[in-house]
Amino acid sequence: VSRETFEKYNVAAMPLPENLDDDLSGRPNLYQRQCQISADVTEDEWRMARTCYYGRVTELDAEFARLMQHLESTGALSDTLVIVTADHGRYVGTHGWDAHNFGPFEEIYRIPLIVGGPGIAAGAETDAHVSLIDLCPTLLELTGSEAIDVPDSKSIAPLLTNPCEHEANFQTAYGEYHGTRF
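Quick notes on the rules
Residues numbered from 1 in each chain as written. Predicted model: local features only at pLDDT ≥ 70, side-chain atom pairs only at ≥ 80, totals over all residues. Heavy atoms only, no water. Helix = DSSP H or I, 4+ residues; strand = E, 2+ residues; numbered from the N terminus. Contact = heavy atoms within 4.5 Å. Areas by Shrake-Rupley, 256 points an atom, 1.4 Å probe, with all protein chains shown as cover. Lys, Arg positive; Asp, Glu negative; His and termini not counted. Charge placed at Lys NZ, Arg CZ, Asp CG, Glu CD. Phe/Tyr/Trp six-rings, centres within 6.5 Å; stacked < 30°, edge-to-face > 60°. Buried < 20%, exposed > 50% of the residue type's maximum accessible area, 1.4 Å probe, protein only. Lys NZ or Arg CZ within 6 Å of the ring centre and 35° of its normal. Core = buried A, V, L, I, M, F, W, Y, C linked by side-chain atoms within 4.5 Å.

## Considerations on the overall build of the chain
Scanning the chain from terminus to terminus reveals seven helices and two strands. Its helices and strands in sequence order give the chain the pattern α-α-α-β-α-β-α-α-α, from N to C terminus. Projecting the C-alpha coordinates of the chain onto the three principal axes gives extents of approximately 55 × 40 × 25 Å. Pairs at least 24 apart in sequence give 64% of the contacts found in the chain among residues at least 6 apart. Summed over all atoms, the accessible surface of the chain reaches about 11,900 Å², with 51% contributed by carbon and sulfur. Charge-centre separation for the chain: the mean point of 12 positive side chains lies 7 Å from the mean point of 29 negative side chains.

## What to know about the packing of aromatic side chains
Here the structure, examined in full by the defined rule, presents seven aromatic pairs. Relative to Tyr 54, the ring of Tyr 9 lies with its centre 6.3 Å away and its plane at 90°, an arrangement referred to as edge-to-face. Of this pair, Tyr 9 sits in the loop between helix H1 (3-6) and helix H2 (29-37) while Tyr 54 sits in helix H3 (residues 43-73), and the two are 45 residues apart along the sequence. Overall, the relative accessible area of 26% leaves Tyr 9 in the partly exposed class. Of the residues examined, Tyr 54 reaches a relative accessible area of 31% and is grouped as partly exposed. Ring plane angle 70° and centroid distance 5.5 Å describe the contact between Trp 97 and Phe 105, whose orientation is recorded as edge-to-face. When its relative accessible area of 0% is taken as the criterion, Trp 97 is described as buried. Members of the aromatic cluster, each reached through a chain of ring pairs, are Tyr 31, Tyr 91, Trp 97 and Phe 105. We note Lys 154 situated over the ring of Phe 170; from NZ or CZ to the ring centre the distance is 4.4 Å.

## A few points about the environment of Leu 139
Tracing the backbone through its elements, the reader meets Leu 139 in helix H5 (residues 135-142). We classify Leu 139 as partly exposed; its relative accessible area is 32%. The sequence separation of Leu 139 and Ile 83 amounts to 56 residues, and the corresponding C-alpha distance is 10.0 Å. Apart from the residues within four sequence positions on either side, Leu 139 is in contact with Leu 81 and Ile 83.

## Quick word on the nonpolar core
Formed by Leu 24, Tyr 31, Cys 35, Tyr 91, Trp 97, Ala 99, Phe 102, Phe 105 and Ile 108, the largest nonpolar core amounts to nine residues. Sequence-distant contacts of Ile 108, that is, excluding residues within four places in its chain, are made with His 88, Gly 89, Arg 90, Tyr 91, Ala 99, His 100, Phe 102 and Gly 103. In terms of nonpolar packing, the next biggest core, distinct from the first, is built from seven residues, Val 115, Ala 128, Leu 160 and Phe 170 among them.

Right, dumping it as structure tokens:
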């Protein structure tokens, strides 16, 4: 993160996650071993790490704003489908970890998916469960392209166009973890 962006935040006031000291009782020993990696990280160091993370997100937001301004100034925004998402979350202190490829927790699996464009319900929010693999059939449908037969994903276009009517059809999620870190 750049110093300029970093200095927009007050490190001392950076909140720590409520589950920073999660002892992971009743969970696989593998998770407790992961905690050993960050066992000596102080609360001040976690605040510093979180400040850097938040600053980097702020920088990415600014770049996204530049892209949106360009689309608007060129007249392309009104017929452009815009999707914002990520491939995974990051712990940055939750459960006492600083990783992204370990453990099946909300911080990793609950990632943003923001979609806007022609035919998409404006300002709607939903708690529907969707997956990144659902984007392929969704994009094909929204662009009027020929569908492909894939058994492990489905278009979320109905959800994007009318969330209230279709949210109930998207309440199941699947996640897995193979213990690859150790």
